[in-house]
Amino acid sequence: MNNDFLWGGATAANQCEGAWNTNGRGMGIVDVIPHGPLRLDVMKGLYDYHDLPQDTYYPGREATDAYGHMKEDIALFAEMGFKCYRFSFSWSRIFPTGLEDKPNEAGLRFYEELIDELIRYNIEPVVTICHFDIPLALVEKYGSWRNRKVIDCYLKYCEVIFNRFKNKVRYWITFNEINMLMHLPFMGAGLQFKEGENVLAIQYQAAHHELVASALATKLAHEINPEFKIGCMLAAGSVYPYSCRPEDVWQSRVRDRESYFFIDIQARGTYPSYAKKFLEREGITIEMDPLDEKILKENTVDFISLSYYNSRCVRTDDDQENASGNLFASAKNPYLQSSQWGWPIDPMGFRITLNDLYDRYQKPLFVVENGLGAVDTLDESGEIQDDYRIDYLRSHIQAMEDAIDQDGVKVLGYTPWGCVDLVSASTGEMSKRYGMIYVDRDDQGHGTLERRKKKSFYWYQKVIQTNGKNLD
Ligand code: BGP
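Residue numbers restart at each chain and count upward from 1, following the sequence in its written direction. Local features in a predicted model are, by the rule used here, given only for residues with pLDDT of at least 70; side-chain atom pairs are given and counted only at 80 or more, and totals for whole chains, interfaces and linings are based on all residues. Neither water nor hydrogens contribute to the side-chain values; these are computed over all heavy atoms in the structure.

Participant: Even after reading the chapter, I still don't get empty space enclosed by the protein, so can you show me in this structure?
Facilitator: Empty space among the atoms can be located by rolling a probe the size of a water molecule over them. Within this scheme a cavity is a closed region of a 1 Å grid, computed over the protein atoms alone, that accommodates a 1.4 Å probe without allowing it to escape, whereas a pocket is open but has protein on both sides within 12 Å along at least five of seven lines; lining residues each have an atom within 4 Å of a point. Grid points are joined across faces, edges and corners, and a volume is the space filled by probe spheres set on the points. The final tally for this structure, using the stated rule, is eight cavities of 30 Å³ or more. Empty space within the largest cavity amounts to approximately 300 Å³. Surrounding the largest cavity, 24 residues form its lining, Glu 177, Met 180, Tyr 309, Trp 343 and Glu 369 being those nearest its centre. Partitioned by chemical class, the residues of the lining of the largest cavity number 12 nonpolar, eight polar and four charged. Within this model, the second largest cavity holds a volume of roughly 130 Å³. As for the second largest cavity, its lining consists of 15 residues, of which Thr 11, Cys 16, Ala 66, Tyr 85 and Leu 114 are closest to the centre. Looking at the lining of the second largest cavity, the elements with two or more residues in it are α1 (13-16), α4 (70-80), β2 (84-88) and α6 (105-120). Helix and strand assignments follow DSSP, with helices taken as H or I runs no shorter than four residues and strands as E runs no shorter than two, numbered in order from the N terminus. Take the lining of the second largest cavity: its biggest share by element is four residues, from α4. Its residues assigned to classes, the lining of the second largest cavity shows 11 nonpolar, two polar and two charged. Classification convention: Asp, Glu, Lys, Arg as charged; Ala, Val, Leu, Ile, Met, Phe, Trp, Tyr, Cys, Pro as nonpolar; all other residues, Gly among them, as polar.

Participant: Is there a simple way to explain unusual backbone geometry in this structure?
Facilitator: A negative phi angle is the norm for most residues apart from glycine, just as the trans form is the norm for most peptide bonds. Positive phi, close to 45 degrees, is recorded for Ala 63, a residue that is not glycine. By secondary structure assignment, the location of Ala 63 is in the loop between α3 (59-62) and α4. Three labels apply to residues, based on accessible area from a 1.4 Å probe with only protein chains included: buried if under 20% of the type maximum, exposed if over 50%, partly exposed otherwise in between. In this structure Ala 63 comes out as buried when scored by relative accessible area, which is 0%. Notably, Leu 449 is not glycine yet its phi reads approximately 70 degrees, a positive angle. Within the fold, Leu 449 resides in the loop between β11 (437-439) and β12 (451-453).

Participant: Explain the sheet that holds strand β9 (residues 365-369) here, please?
Facilitator: Sheets are built from strands that pair by backbone hydrogen bonding, the pairs being arranged parallel or antiparallel. Two strands pair under a simple rule: DSSP has to find at least two bridges between them. Strand order around the closed barrel formed by eight strands is β1-β2-β3-β4-β5-β7-β9-β10, with parallel pairing between neighbours. The sheet shows a mean angle of 30 degrees between the axes of neighbouring strands, taken without regard to direction. Bridging between strand β5 (residues 229-236) and strand β7 (residues 303-308) involves six bridges; their strand directions are parallel. Pairing of Ala 235 across the sheet is with Ser 307, part of β7. In what follows, residue pairs with any heavy atoms lying within 4.5 Å of each other are defined as contacts. As a rule, the C-alpha atoms of each element are fitted with a line to give its axis, helices using only the stretch in contact, and angles between N-to-C directions run from 0 to 180 degrees. Across the sheet, α6 lies against β2 and β3 (124-128), angled at about 170 degrees from β2, the strand it touches most.

Participant: What should I look at first to understand the environment of Pro 135 in this one?
Facilitator: Along the chain, the position of Pro 135 falls in the loop between β3 and α7 (136-142). Counting along the chain gives 108 residues from Pro 135 to Met 27, while the straight-line C-alpha distance between them is 5.9 Å. Dropping the residues within four chain positions of it, Pro 135 is found in contact with Met 27, Gly 28, Trp 91, Ser 92, Phe 95, Pro 96, Thr 97 and Gly 98.

Participant: Sorry if this is basic, but what is going on with the pattern of salt bridges here?
Facilitator: Working definition: two side chains of opposite charge can pair if their charged atoms are close together. By definition here, a salt bridge exists when the distance from a side-chain nitrogen of Lys or Arg to a carboxyl oxygen of Asp or Glu is within 4 Å. Using the criterion set out here, one finds 33 salt bridges in the structure. Within this structure, Glu 105, Arg 109, Glu 112, Asp 116, Arg 164 and Lys 168 form a network of salt bridges that share partners.

Participant: Please explain the side chain of Ser 339 as it appears in this structure.
Facilitator: Among the secondary structure elements, Ser 339 is positioned in the loop between β8 (312-314) and α14 (347-361). Overall, Ser 339 belongs to the buried group, its relative accessible area being 14%.

The following block contains the structure:
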């Protein structure tokens with residue numbers, strides 16, 4: 001492991017910040033994503049949030065109040081020894097509707113204080129510009145990313161933050177899990193669909209707009225500060241064939257390409273041939289401006305960031321797919337145990353995924369999410385003995401180290417997800433916890449918000465101290 005390896009942790013504004021109507025923040029999509037049975041359909045863009053019942057609980061609005069606990073949380077990260085911290089800006093805190101000419105100074109000041117606090121502890125900020133986040137006004141006015149005009153709104157936002165934090169932030173990620181747009185289109189990209197619309201065509205058009213926005217942001221970033229490092233971000237996890245039946249093997253490639261599609265464009269700069277053929281077969285024509293192809297070609301990313309929770313698996317002899325409880329369709333892999341939420345646990349899959357991505361792109365990788373969502377309970381003395389989480393992290397860090405040391409994969413850093421407990425993106429629950437720091441809050445929004453160190457806190461502290469050598 002290099003000495004400059006960036007050990008840290010990751011969060012995102014939409015799931016931890018709260019303070020949804022504080023200091024001029026406008027509404028964002030997270031503020032209308034409910035807890036409960038309608039959540040999934042809202043996140044898929046199939047249920048209109050305007051129709052939600054009056055008494056709906058929206059867990060993202062207050063979340064874990066990372067806004068109000070900013071200094072306290074960062075002090076704990078520093079105590080764990082973080083070298084970096086990945087977090088996201090809330091777009092609507094800076095441009096409340098996305099349409100203003102001038103940013104909301106109070107919003108910018110909050111992030112400035114946060115960044116200054118990190119720098120004070122020598123923690124490198126890693127900023128996600130858009131993590132499942134868009135001002136709600138842009139959804140209402142333009143239908144979000146389906147409209148090309150949103151590219152300009154995004155660039156205006158980028159210009160402001162790049163200039164403001166020009167000398168303080170080096171690592172930027174343009175869109176979190178850009179491929180989530182295909183799975184949870186409202187949560188991922190603010191897309192909603194009306195009956196009879198061609199959903200796939202809208203998704204690919206919106207994806208094109210995000211890809212052009214990402215490339216233009218990369219261009220702008222490099223103009224403002226050539227030292228900036230700009231990354232894309234993939235919800236990764238290689239797809240295994242269930243058997244060596246050639247059909248299974250082929251289908252696993254097809255599935256992988258559904259995700260690679262995005263990164264192929266962001267890292268290599270052109271629409272891949274398989275995607276052109278696929279769109280042609282589906283009768284989808286993406287509307288492009290004459291300069292789009294040139295923009296994509298000339299402005300590829302500097303690094304590839306990814307989340308890895310599990311591998312996926314595909315079989316062609318059985319329709320009973322998606323048995324894994326995950327958002328990505330997957331057959332159940334009989335060789336793997338699963339988490340309490342049915343997500344397979346596969347550290348070797350992590351090594352495979354890192355190798356697959358590095359072989360394909362030959363650009364540095366940055367693992368910006370990994371971890372185990374689990375229920376934590378306080379014992380009689382108020383301690384949280386989360387050995388299950390330590391086991392998960394240990395085996396995954398080992399797999400990453402194997403990829404680096406044995407296979408020569410270049411990895412810039414590792415930031416486990418939800419280092420301080422936060423609201424789950426898929427379920428809206430607090431009980432699905434990832435953190436090394438416990439937050440006292442439950443699924444209904446009750447609790448003191450008090451922070452408490454778990455056993456994994458001390459374990460990870462030692463991992464960082466020894467630069468990943470001591471994983472015991
Ligand atoms: C990724 C997201 C995160 C995060 C994580 C864990 O998809 O980028 O925002 O939430 O997954 O998923 P969940 O919260 O659904 O357990």
